[in-house]
Amino acid sequence: MSVSALRYWVWLHKWSSLVCTVFMLLLCVTGLPLIFNHEIQHWIHDDLAPKEMSANTPKASVDRVLAAALAAEPGQVVQFVVADPDDERVWVATLAATTTAEKNQHSIMIDSRTAEVIGKPKFDEGFMHVMLQLHVSMFAGMAGTLFLGAMGLLLVVAIVSGVVLYAPFMQKLAFGTVRREHSSRTKWLDLHNLLGIVTLTWALAVGMTGVINTLGQPLLKLWQYTEVVDMVAPYKNLPPPTTFGSLQAAVTAAQETEPTMSVFFIAFPGTAFSSMHHYAIFMRGNTPLTKRLFKPILVDAQTSKVTDSRAMPWYMTALFVSQPLHFGDYGGMPMKIIWALLDVMTIMVLCSGLYLWFKKRKLPAVDRALTSRLETAK
Amino acid sequence: MWRWPIVVGVTSGVGLISALLADGWADVLSWFGLGLPIVLACLYGFSKR
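Participant: Help me get a handle on the overall build of chain A, residues and values and all.
Facilitator: For chain A, the count of helices and strands is 12 helices and 8 strands. Each of the three principal axes of chain A carries a C-alpha extent, and together these read 80 × 45 × 35 Å. Per-residue burial over chain A gives 31% buried out of 378 residues. Across chain A, contacts joining residues at least 24 apart in sequence account for 65% of those joining residues at least 6 apart.

Participant: Talk me through the interface of chain A and chain B; I want residue IDs and the actual numbers.
Facilitator: How big an interface is tends to be expressed through the accessible area that disappears when the partners come together. Contacts between the two partners involve 29 residues from chain A and, on the opposite side, 24 residues from chain B. Going through the elements one at a time, helix H5 (141–170), helix H6 (184–198), helix H7 (200–214), helix H10 (314–327) and helix H11 (332–361) of chain A are the ones with two or more residues in the side of chain A that touches chain B. A total of 7 residues in the side of chain A that touches chain B trace back to one element, the largest contributor, which is H11 of chain A.

Participant: So what about the pairing of strand E3 (residues 106–111) of chain A? Which residues, and what values?
Facilitator: Each regular strand carries side chains that alternate between the two faces of the sheet. Residue and element names in this part refer to chain A. As judged from the 6 bridges shared by strand E2 (residues 90–96) and E3, these two strands associate in the antiparallel manner. Across the sheet, residue Trp-91 finds its bridge partner in E3, namely Ile-110. Relative to strand E4 (residues 117–119), E3 is paired through 2 bridges, and the arrangement is antiparallel. Looking at E4, one finds that Ile-110 is bridged to Val-117. Connecting E3 to the next strand, E4, in antiparallel fashion are 5 residues, including Ala-115 with a positive phi near 60°.

Participant: So what about unusual backbone geometry? Which residues, and what values?
Facilitator: Residue and element names in this part refer to chain A. The backbone of Ala-115 sits at a positive phi, close to 60°, despite the residue not being glycine. The residue Ala-115 is located in the loop between E3 and E4 in this model. The exposure class assigned to Ala-115 is partly exposed, which follows from the 19 C-beta atoms found within 10 Å. In this model, Phe-139 sits at a positive phi of 60°, which is unusual for a non-glycine residue. Mapping Phe-139 onto the fold places it in the loop between helix H4 (127–136) and H5.

Participant: Quick one: what's the story with the sheet that holds strand E5 (residues 262–267) of chain A, residue by residue and with numbers?
Facilitator: Residue and element names in this part refer to chain A. Spatial strand order, E4-E3-E2-E1-E5-E6-E7-E8: 8 strands in an open sheet with antiparallel pairing. Bordering the open sheet on either side are E4 and strand E8 (306–309), each of which pairs with just one other strand. When strand polarity is set aside, the average angle formed by the axes of neighbouring strands in this sheet is 30°. Summarising the sheet, strand E1 (residues 77–83) and E2 pair through 6 bridges and their orientation is antiparallel. Bridging across to E2, Phe-80 finds its partner in Thr-94. Across the sheet, helix H3 (residues 62–72) touches E1, E2, E3 and E4, and the angle it forms with E3 is around 135°.

Criteria and thresholds
Along each chain, residues carry numbers from 1 onward, in the same order as the chain's sequence is written. All chains are assigned letters beginning with A, and all ligands numbers beginning with 1, in the order in which they are written. Whole-chain, interface and lining totals are the exception, using all residues; otherwise, since this is a predicted model, local features are given only for residues with pLDDT of at least 70 and side-chain atom pairs are given and counted only at 80 or more. To qualify as a helix, a DSSP run of H or I must reach at least 4 residues; to qualify as a strand, a run of E must reach at least 2; elements of each kind are numbered from the N terminus. Neighbour counting defines burial: a residue surrounded by 20 or more other C-beta atoms within 10 Å of its own C-beta is buried, one with 12 or fewer is exposed, and intermediate counts give partly exposed, using backbone-placed C-beta atoms. Two residues form a contact once the distance between their C-beta atoms, set from the backbone, is within 7 Å. Pairing between strands requires that DSSP locate at least two bridges from one strand to the other. Note on geometry: axes are C-alpha line fits, over the in-contact stretch for helices, and angles between N-to-C directions span 0 to 180 degrees.

Given below as structure tokens:
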């Protein structure tokens, strides 16, 4: 590599890293407890467990589940009912003052076999809520999320430029060399290179899927304004219904349409995921990959007849596939522990990078960009 | 110079994808694939050899 090319890559690596490092540190630190979010939530809400019953206890009608949710929050309406992805004995209903309210929503856990209320978990307060909000948007809404997405893109630039620089820095050294007998700066340079190169694939995967996740809300809106609008178009000029048919009949109709899939999520008429006239029932598959891919089935809320069902567009599929690759929640507890260790190693890469930059600033300004290369060539 | 980086890059890539495609053996494969970077970091980075 020519000296001018090397200078360019050093410049690119330095500035792409420096700009995003503080935010990446925030994401790595807040992401650490979020890897174990499910376990921590279970631990916090350990009183909210379904009763032990025989494994083949049949499920209660969803109409009873709905009635239990409404009775537990008088004066509120149900927006969504979600099947707990990790525990089929549990439905979680979301209620609010109106079908479109985005604030003051309440969650109610309901036993899917007895239709009894298990409890009312608070998902919007406490330590994990703060971690999640810092991680997703730094409490700055959509702007914060998109900003973190831009920082994620810079991380990708930093990783790629780091790989380009790996060659000139390591050409005289065996893989994994850490020169402990040299200066502290040399030792940390070697550790930075070692930890950076071994975590490369994982960090790129988590970084890029994180960027895709920051586009989740805009992509969802795009899907709603194009596909959903198209699916409910035949109902556009009809007055909103005043009476609703059985939810269980709607769920049964959806299940008959996709017999190999399971009900994951039910959006009620008037909510953002449906129309005034439909229950939107989102089905999912049963393998590690397909259980993260959803297929909406629109069921007429009065007649309980399926009116439309179509696969999600490619960008929603990309979003759904990118989520497990970001969360690390698809390979059991060992994978979560590995995810956490790789996260800690990434924190070390970030901190050592900052340290190296800080030390280099103190060197005489002859040609800082090339110092390390000379050191290596000695 | 690139032998180990390529090996660890490919194995962790296989580890990332395998657990998505199946359960059981594929999960175990992913633990080994994604565990390799940690093993290498411990062997070279954090041991006093």
